[in-house]
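# Structural overview for review
Listed here are the chains, written in short residue letters.
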Amino acid sequence: MTGDTLSRLLIPARTTETKLIVVVRAQHATDYDRILETLVDSGVASVELTLTTPGTLERLPRLLAVYGDAADIGVGTVTDAGQLMTAVDAGAHYVVTPITDVGLVEEAHRAGMPIVPGGLTPTELFSAWRAGAAAVKIFPANQVGAGYVKDLRGPFPGISVVPSGGIGLGEVGPWLAAGAAAVSVGGPLLGDAVRGGDLGELRQRAAAFVAACRRDAA
């Protein structure tokens, strides 16, 4: 089976339409609620909740019930089959992993779960793409820059990429103009909100990123 012949699972529609994934890492999953409410109200339609946050999988069903009709809720930092299947069973809309593990990609494909695996080298990224990834995450993206999309599209013209790592508001435009399927952002958008920071400021930052993605995707 190759990336040219398999029936590829795609990134959920709200993510591809808005071209923005917000990665939320918190001290505990109970901190998600105030953040997600603000993000969704600001127009964010795709959120990646990370397994480095204690309690994420346990709280996922509740978050899906509250926000799942308005936003794609993904689970990130998935690194093994057990975590993958728990995310599948809990109803995640997609999963993200920071690594290139072909076996994990194939397992996700069999489970009917879109997966976005991370990598940096052409070999890593194409291996994951060929195995059935919905898209591949260029990570850490700040080590290569937006021109890397063109470099990859030379030998791999159909590859779908999502840059992640150090992407600020000023980097959104170049990555999307280069052809990225979406941008994955964390700290530059969240700021200190996950540590109790001002939600009004979070709303302003989120709205700015949403507008930038809408403008540069047009």
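For the structure, check the block above.
Predicted model, so just to flag it, every value in this text is computed and none were measured. (Residues numbered from 1 in each chain as written. Predicted model: local features only at pLDDT ≥ 70, side-chain atom pairs only at ≥ 80, totals over all residues. Heavy atoms only, no water.)

It is the rolling of a water-molecule-sized probe over the atoms that shows where space remains empty. A complete count under the given rule lists 1 cavity of 30 Å³ or more for this structure. Of the voids in this model, the largest cavity is the one considered here, and its volume is about 40 Å³. Every residue lining the largest cavity is listed: Ile21, Glu48, Val96, Val116, Lys137, Val162 and Ser184. Partitioned by chemical class, the residues of the lining of the largest cavity number 4 nonpolar, 1 polar and 2 charged. (1 Å grid on protein atoms, 1.4 Å probe; cavity = no way out; pocket = protein on both sides within 12 Å on 5 of 7 lines; lining within 4 Å. Points joined across faces, edges and corners; volume = space filled by probe spheres on them. Nonpolar A, V, L, I, M, F, W, Y, C, P; charged D, E, K, R; others polar.)

Once that is clear, we can look at helix H3 (residues 56-67). When we look at burial in H3, the residues that qualify are Thr56, Leu57, Leu60, Leu63, Leu64 and Tyr67. The arc enclosing the buried residues of H3, seen along the axis, measures out at 105 degrees, which places them on a common side. Within H3, the exposed residues directed more than 90 degrees away from the buried face are Glu58 and Ala65. On the buried face of H3, the contacting elements are helix H2 (32-41), strand E2 (46-50), strand E3 (72-76) and helix H4 (81-90). (Buried < 20%, exposed > 50% of the residue type's maximum accessible area, 1.4 Å probe, protein only. Helix = DSSP H or I, 4+ residues; strand = E, 2+ residues; numbered from the N terminus. Arc of directions from axis to C-beta. Contact = heavy atoms within 4.5 Å.)

Bringing the pattern of salt bridges into the picture now. Under the definition given, this model contains 4 salt bridges. Arg14 is paired through a salt bridge with Asp72; the nearest N and O atoms lie 2.9 Å apart. With Arg14 in helix H1 (residues 13-18) and Asp72 in strand E3, this pair connects stretches of sequence that are 58 residues apart. By relative accessible area, which is 24% here, Arg14 ends up partly exposed. In this structure, the salt-bridge partner of Glu107 is Arg110, at a minimum N-O distance of 2.7 Å. You can see Glu107 and its partner Arg110 sitting in helix H5 (residues 102-110), 3 residues apart, about one turn around the helix. A residue is classified by how much of its surface remains accessible, and Glu107, at 27% relative accessible area, is partly exposed. Residues joined by salt bridges that share partners form a network here, namely Asp33, Arg59 and Arg62. (Salt bridge = Lys/Arg side-chain N within 4 Å of Asp/Glu carboxyl O.)

With that settled, the discussion passes to the sheet that holds strand E8 (residues 183-185). Sheet architecture is open: 8 strands sit in the order E7-E6-E5-E4-E3-E2-E1-E8, paired in parallel fashion. With one partner strand each, in any of the chains shown, strand E7 (161-163) and E8 form the two edges of the open sheet. The sheet shows a mean angle of 25 degrees between the axes of neighbouring strands, direction not considered. As paired strands, strand E6 (residues 136-138) and E7 are joined by 3 bridges and run parallel to one another. Note that in E7 the partner of Lys137 across the bridge is Val162. The strands that H3 touches are E2 and E3; relative to E3, the one it contacts most, it runs at about 170 degrees. (Pairing = 2+ DSSP bridges. Axes fitted to C-alpha atoms, helices over the stretch in contact; angles between N-to-C directions.)

Now for the pairing of E2. Most of E2 is tucked away: 5 of the 5 residues are buried. Burial along E2 is two-sided: the residues Ser46, Glu48 and Thr50 and Val47 and Leu49 are all buried. Examined bridge by bridge, strand E1 (residues 20-24) and E2 share 3 bridges and lie parallel to one another. Following the sheet pairing, Val24 is matched in E2 by Leu49. You can see the chain leave E1, run along H2 and come back into E2, and the turn it takes is right-handed. In the sheet, E2 pairs with E3 via 5 bridges, with the strands oriented parallel. Across the sheet, Leu49 pairs through a bridge with Val75, a residue of E3. Read as a crossover between parallel neighbours, the route from E2 over H3 to E3 is right-handed. (Right-handed = clockwise from strand over helix to strand, strands pointing away.)

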